[in-house]
Amino acid sequence: MFFDEVSLELEGGKGGNGALFFHREKYVAEGGPDGGDGGNGGNLILEADENYNTLQHFMGKKHYKAPNGENGFKNDMAGHAGEDLILHVPVGTIVHDSKTDEVIADLKKNGMKLRICAGGRGGYGNGHFGSSTRQAPMFAELGDIGEYHSVRLELRLVADVGLVGFPSAGKSTLISHVSSAKPKVAAYPFTTLIPNLGVVHLSKFGGSDTQSFVIADMPGIIEGASEGKGLGDTFLKHISRTATLVFVLDPFCYENLTLVQQFEILQKELKAHNPELVKKDFLVVMNKIDSIPETDRAELQKEFLKAYPKLKTKFRPISGVSGEGLEKLVFELEKTVTKNREKNQELDINKSEEEFMEYTPTQFVDENSFDVEEMYEVDAASFQELVLGQVIDNETLPKRQLFKVTGQRVEQISRMTSPEYPDAIMRMLDVLKKMGIHKVLLRKGASNGDFLKIGPRFYEFHEL
Ligand SMILES: Nc1nc2c(ncn2[C@@H]2O[C@H](COP(=O)(O)OP(=O)(O)OP(=O)(O)O)[C@@H](O)[C@H]2O)c(=O)[nH]1
Ligand SMILES: [Mg+2]
């Protein structure tokens, strides 16, 4: 089983709580507020790492959370921030939002990072809230929760060249001869169960140090693969981003298929999987020529080109075992790869290839925007303990309206407001005024004593 898809629950760390302290020193009366800030929660980061070829390491654990920030201390000492949690994924991992299936990022280059979940902001200590009008702030903020996202990771390997052929055609032998990859080679079909990547360094063949490309060894394909026969065709999506294909044909095909038949079937199966696959640049190799006498080689080649005269310039006899023809092949592939890379770069100009990306869900583009919605009438009694800890005499009070206030910033402040401190709640009401939310509430008919639901908490509305 090849693990090229996994769903994960990801969470940034919670911010530390701000501290509530007043300066104490011998002989100094009435010390000012000096509670330190909480540290920010750690971010959760996904990083493309070429040392990984599959998503298998996520099979056991599905939920990851970055460490929390530390609470603040007295003497204005801030808590430490939580460390970032970095999850390594193979190069070519596409990150989807699980709910909408929207593509969040395509981590297609080694080292690319996506901050998928920001850690929660650390709460301010009361040292932060001292002002001329509020000399002894009797509250500190709570740390905010970290962002939470449910994502689906999908791996699409990014290789320059993909090897396509029947089982036992010698694909793995070929890749192990030209690259650093060491896949299993055996005389039975379907030895390779998952795509393998290898890097071909042209310097090994007398080229320069800067010339290299990535080659992918695919599992074998048989007739009916697109309908699930053999290993099926699901792994073929991994060559969707491969610009160049090499069809590896086997003169000793285990099903006694001729080179022409093999090529026909491979084309048919690729096309059935995705018609784009047969539009790619390609070469056709006749493998295992070390075991074929010279005269027979010429005969086989003639036979193939009779069926496909247009492929004269694309046909190459090689041997993955003796190495014959491989040097020419890799130099030719390198040329095509370079040409295609340049072409892709032109197509990709609009796409930024930033090394570090931050995910901001679309609904949060303007963090100060908000929405006020009138919900329904509520019975005051059911709310009384939620509101400022005040006991409300519900005998004498009419029904009240409940309003829901939403918005990134306002909900964050609400999450960071500790219901323990009346001062903190007064500050929340100040924020509503400053952000213009108070006015909108009045316009919508809110009156004294109505309830507001903001983020996870309830507040009582006051007209003044
Ligand atoms: N004589 C000869 N035998 C070869 C050559 N290349 C591969 N073989 C043999 O063919 C058999 C299959 O080779 P693999 O490289 O495992 O073939 P594959 O295409 O990767 O096969 P699957 O992974 O099953 O799809 C092995 O016994 C190899 O030794 C070659 O160039 N010459
Ligand atoms: Mg193989």
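To keep things clear, this report deals only with the structure shown in the data block. Within every chain, residues take consecutive numbers counted from 1 along the sequence as written. By the order in which they are written, chains take letters starting at A while ligands take numbers starting at 1. For a predicted model such as this one, the threshold for reporting local features is a pLDDT of at least 70, and the threshold for listing and counting side-chain atom pairs is 80 or more; totals across whole chains, interfaces and linings nevertheless cover every residue. Side-chain numbers come from the whole structure's heavy atoms, not from hydrogens or water.

### Re the site of ligand 1
As a reminder of what qualifies: In these notes, residues near a molecule or strand are those with any non-hydrogen atom within 4 Å of it. Contacts described as polar in this section are N or O atom pairs within 3.5 Å, which, within protein, must combine one atom able to donate a hydrogen with one able to accept it, while residues neighboring in sequence count only if both atoms come from side chains. What sets the accessible areas is the Shrake-Rupley method with a 1.4 Å probe; for residues, cover comes only from the shown protein chains. For this classification, the nonpolar set comprises Ala, Val, Leu, Ile, Met, Phe, Trp, Tyr, Cys and Pro, the charged set comprises Asp, Glu, Lys and Arg, and every other residue, Gly included, is treated as polar.
The environment of ligand 1 is formed by 24 residues, the closest being Lys-171, Thr-173, Thr-191, Thr-192 and Asp-290. Note that an oxygen atom of ligand 1 is positioned 2.8 Å from one of the side-chain N or O atoms of Thr-192. A distance of 3.3 Å separates an oxygen atom of ligand 1 from a polar atom in the side chain of Lys-288. Considering ligand 1 on its own, with 650 Å² of exposed area, one finds that the protein chains cover 87% of that surface. Residue composition of the shell around ligand 1, grouped by class: ten nonpolar, eleven polar and three charged.

### Things to note about the sheet that holds strand β2 (residues 44-48)
Defined as follows: Being paired, for any two strands, means DSSP has found at least two bridges between them. A run of DSSP states H or I qualifies as a helix once it reaches four residues; a run of E qualifies as a strand once it reaches two. Both are numbered from the N-terminal end. To define axes, lines are fitted to C-alpha atoms, for helices over the stretch in contact only, and angles between the resulting N-to-C directions are given on a 0 to 180 degree scale.
With mixed pairing, the four strands of this open sheet are ordered in space as β4-β2-β7-β15. Sheet topology places β4 (85-89) and β15 (356-358) at the edges, where each strand pairs with a single neighbour. For this sheet, the mean inter-axis angle between neighbouring strands, taken without regard to orientation, is 25 degrees. Sheet topology note: the β2/β4 ladder contains five bridges and is parallel. Bridging from a neighbouring strand, Ile-45 pairs with Ile-86 of β4.

### A short note on the coordination of the magnesium ion (ligand 2)
Put simply, the rule is: Coordinating N, O and S atoms are those within 2.8 Å of the metal (3.2 Å for Na, K and Ca), and as water is not part of the atoms, a site may appear to have fewer donors than expected. Any residue under 20% of the maximum accessible area for its type is buried, any over 50% is exposed, and the rest in between are partly exposed; the area is computed with a 1.4 Å probe on protein chains only.
On the protein side, the magnesium ion (ligand 2) has Ser-172 (OG) and Thr-192 (OG1) as donor atoms, found 1.9 to 2.1 Å from it. Placement of Ser-172 in helix α1 (residues 171-178) and of Thr-192 in the loop between α1 and β10 (196-201) is noted, with a sequence separation of 20 residues between them. Each of the two residues, Ser-172 as well as Thr-192, counts as buried.

### Here we look at the nonpolar core
Note the threshold: Here the nonpolar core consists of buried residues drawn from Ala, Val, Leu, Ile, Met, Phe, Trp, Tyr and Cys, with membership extended through side-chain atoms lying within 4.5 Å. Whether two residues are in contact is decided by their heavy atoms, any of which lying within 4.5 Å being enough.
Grouped together as the largest cluster of nonpolar side chains are 32 residues, with contacts concentrated most on Val-164, Ile-221, Phe-247, Phe-263, Leu-270, Val-284 and Phe-304. Of all the secondary-structure elements, those providing two or more residues to this core are β12 (244-249), α2 (259-273), β13 (281-286) and α3 (294-307). No other element matches α2, which puts six residues into this core. Look past the residues within four positions of Phe-263 in its chain and what remains in contact with it is Phe-247, Leu-249, Phe-282, Val-284, Phe-304, Tyr-308 and Leu-311.

### A word on the pairing of strand β19 (residues 457-460)
Residues of β19 alternate between two faces, with Arg-457 and Tyr-459 on one and Phe-458 and Glu-460 on the opposite face, all of them buried. Summarising the sheet, strand β18 (residues 451-454) and β19 pair through four bridges and their orientation is antiparallel. The residue bridging Ile-454 from the neighbouring strand is Arg-457, located in β19.

### Considerations on the packing of aromatic side chains
The condition that has to hold: Between the rings of Phe, Tyr and Trp (Trp by its six-membered ring), a pair exists once the centres lie within 6.5 Å; its type follows the angle of the planes, with under 30 degrees stacked, over 60 edge-to-face, and the other angles tilted.
Overall, the coordinates contain ten aromatic pairs when judged by the stated rule. Ring plane angle 35 degrees and centroid distance 6.1 Å describe the contact between Phe-263 and Phe-282, whose orientation is recorded as tilted. Of the two residues, Phe-263 is situated in helix α2 and Phe-282 in strand β13; the sequence distance between them amounts to 19 residues. A residue is classified by how much of its surface remains accessible, and Phe-263, at 2% relative accessible area, is buried. Assessed through its relative accessible area of 16%, Phe-282 is described here as buried.

### Focus on the packing of helix α6 (residues 408-415) against helix α7 (residues 422-434)
So the rule is basically this: With respect to orientation, any angle under 35 degrees is reported as roughly parallel, any angle over 145 as roughly antiparallel, any angle of 65 to 115 as roughly perpendicular, and every other angle as oblique.
α7 packs onto α6 with a crossing angle of 170 degrees between their chain directions and a minimal axis gap of 10 Å. Accordingly, the angle class assigned to the pair α6 and α7 is roughly antiparallel. Here Val-410, Ile-413 and Ser-414 of α6 lie close against α7, whose contacting residues are Arg-427, Met-428, Val-431 and Leu-432. Across the contact of α6 with α7, the residue classes break down as five nonpolar, one polar and one charged.

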